Amino acid sequence: LPNILIYFNIFYDSVVSFFSRIVFADFFIMNLILWVKGSSAAIPFGTLVAILAMWFGISVPLTFVGAYFGFKEKPIEHPVRTNQIPRQIPEQSFFTKPLPGIIMGGILPFGCIFIQLFFILNSI
């Protein structure tokens, strides 16, 4: 069983770093376009290599070291035990339903930004 956990850990670490690889590849491609166009906004190639070296030299080893020490620890034991008798789940309040959450999580921030940009752009 410990060997399976080690292989799972390696797979999990590669999945976790997948997002970082996509972001770096996207940034590199956009920077490559800036190099081709001769823009002064392009980041030097040496800087990109330094960032990549820091990622492989610091972040990746620390991920594996942290996973190694994490698997060596005892599993977390919960301080309470669950009751075997099921309880009735109370009715949801208005604010815990999906529509108010969508409105508060999406429309309110969009409205605030829209109003601020409206006043900023009208003052120009």
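Sequence order sets the numbering: in each chain, residues are counted from 1 along the sequence as written. In view of the model being predicted, local features appear only for residues whose pLDDT reaches at least 70, and side-chain atom pairs are presented and counted only at 80 or more, with totals across whole chains, interfaces and linings using the full set of residues. Excluded from the side-chain calculation are hydrogens and water; included are all heavy atoms of the structure.

(A) Fine view of the overall build of the protein. Comment: elements are numbered from the N terminus, with helices defined as DSSP H or I runs of at least four residues and strands as E runs of at least two. Counting secondary structure elements, the protein contains 4 helices and 0 strands. Reading the protein from its N terminus to its C terminus gives the helix and strand order α-α-α-α. Throughout, a residue-residue contact means that at least one pair of heavy atoms, one from each residue, lies within 4.5 Å. Excluding contacts between residues fewer than 6 apart, the proportion of contacts in the protein whose partners are at least 24 apart in sequence is 44%. Here the accessible surface of atoms and residues is derived via Shrake-Rupley with a 1.4 Å probe, and residues count as covered only by protein chains that are part of the display. Looking at the protein as shown, the accessible area adds up to about 11400 Å², and 74% of this sits on carbon and sulfur atoms.

(B) Structural context of the UniProt feature "transmembrane region" (unreviewed entry) in the protein. Mapped onto this structure's residue numbering, the UniProt feature "transmembrane region" (unreviewed entry) falls at residues 18-36, 48-71 and 102-121. Regarding residues 48-71, the helix share stands at 100% and the strand share at 0%, and the terminal C-alpha atoms are separated by 33 Å. UniProt positions are given in the numbering used here, feature names are shortened, and annotations may be inferred rather than shown by experiment.

(C) Looking closely at a nonpolar patch on the surface. Nonpolar side chains (Val, Leu, Ile, Met, Phe, Trp, Tyr) are joined into patches within 5 Å and like charges within 9 Å, using only residues with over 30% relative accessible area and no salt bridge. One side-chain nitrogen of Lys or Arg within 4 Å of one carboxyl oxygen of Asp or Glu is enough to make a salt bridge. Taken together, the side chains of Phe94, Phe95, Leu99, Ile103, Met104, Ile107 and Leu108 make up a nonpolar region of the molecular surface, amounting to roughly 750 Å² of accessible area. Relative to the assigned elements, isoleucine 107 resides in helix H4 (residues 98-122). Relative accessible area decides the class of each residue, using a 1.4 Å probe on protein chains only: under 20% of the type maximum gives buried, over 50% gives exposed, and in between gives partly exposed. For isoleucine 107, a relative accessible area of 52% translates into the label exposed.

(D) Spatial organisation of the packing of aromatic side chains. Pairs were defined over the aromatic rings of Phe, Tyr and Trp, the Trp ring being its six-membered one, requiring ring centres within 6.5 Å. Orientation was assigned from the angle between planes: stacked under 30 degrees, edge-to-face over 60, tilted for the rest. Inspection of every chain in the model, using the stated rule, returns 8 aromatic pairs. Between phenylalanine 28 and tryptophan 35, the aromatic rings sit 6.0 Å apart at their centres with planes inclined by 85°, giving edge-to-face as the arrangement. For phenylalanine 28, a relative accessible area of 27% translates into the label partly exposed. Both rings, one in phenylalanine 94 and one in phenylalanine 95, keep their centres 5.5 Å apart while their planes meet at 75°; by these two values the pair is edge-to-face. By the burial criterion, phenylalanine 94 is exposed, and phenylalanine 95 matches it. Put simply, the rings of Phe24, Phe28, Trp35 and Phe45 touch in pairs and so form one group of aromatic residues.

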